[in-house]
Amino acid sequence: ELWMEAAELGSVDAHYRLSVVYFTGNCVEEDKARGIHHWQQAAMGGDAESRHNLGVFEFNNGNHQLAAQHHMISAKMGY
């Protein structure tokens, strides 16, 4: 898969795309942990939407303090 290869080469966009695919199970077997891993990689690479999505995930799981941190960072990034 080309996105996987691109992600291994450090593509933030590829990490974001893989996060959505794995988290939702779109065209692959759903693997939320793998999706979150790729969101984290994209977020660390500067992707504001990935950072926001991590915040939503943490909020939905009751981790409100961590969610707020993710949302503050994504807001500072212009999201």
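Just above, that's the structure.
Topic: the side chain of His-70
Here His-70 lies in helix α5 (residues 64–76). Under the relative-accessibility criterion, His-70 is labelled buried at 10%. When residues no more than four places from it in sequence are discounted, the contact partners of His-70 are Arg-51, Leu-54, Gly-55 and Glu-58.

Let's talk about the pattern of salt bridges
The full count for this structure, using the stated rule, is two salt bridges. Of the charged contacts, one joins Arg-17 and Asp-13 as a salt bridge, the two residues approaching to 2.8 Å between their closest N and O atoms. You can see Arg-17 and its partner Asp-13 sitting in helix α2 (residues 12–24), four residues apart, about one turn around the helix. Since its relative accessible area comes to 37%, Arg-17 is described here as partly exposed.

Structural notes on the nonpolar core
With seven residues, the main nonpolar core is built from Tyr-16, Phe-23, Ile-36, Trp-39, Ala-42, Ala-43 and Leu-54. Within the residue set of this core, elements represented by two or more residues are α2 and α3 (32–44). It is α3 that provides the largest number of residues to this core, a total of four residues. Once you skip the residues sitting within four places of it in the chain, Trp-39 turns out to touch Tyr-16, Ser-19, Phe-23, Ser-50, Asn-53 and Leu-54. Core analysis: the second largest hydrophobic core is formed by five residues, Met-4, Ala-14, Leu-18 and Tyr-22 among them.

Calculation rules
- Residue numbering note: each chain is counted from 1, following its sequence as written.
- Only residues with pLDDT of at least 70 get local features here, since the model is predicted, and only at 80 or more are side-chain atom pairs given and counted; chain-wide, interface and lining totals rely on the full set of residues.
- Side-chain numbers come from the whole structure's heavy atoms, not from hydrogens or water.
- Each helix corresponds to a stretch of at least 4 residues labelled H or I by DSSP, and each strand to a stretch of at least 2 residues labelled E; elements are numbered beginning at the N terminus.
- Only protein chains enter the calculation, and the probe is 1.4 Å; a residue is then buried if its accessible area is under 20% of its type maximum, exposed if over 50%, and partly exposed in between.
- The contact definition used throughout considers only heavy atoms, calling two residues in contact when any of these lie within 4.5 Å.
- A pair is scored as a salt bridge if a Lys or Arg side-chain nitrogen falls within 4 Å of a carboxyl oxygen belonging to Asp or Glu.
- Remark: nonpolar core denotes a set of buried residues (Ala, Val, Leu, Ile, Met, Phe, Trp, Tyr, Cys) joined through side-chain atoms within 4.5 Å.

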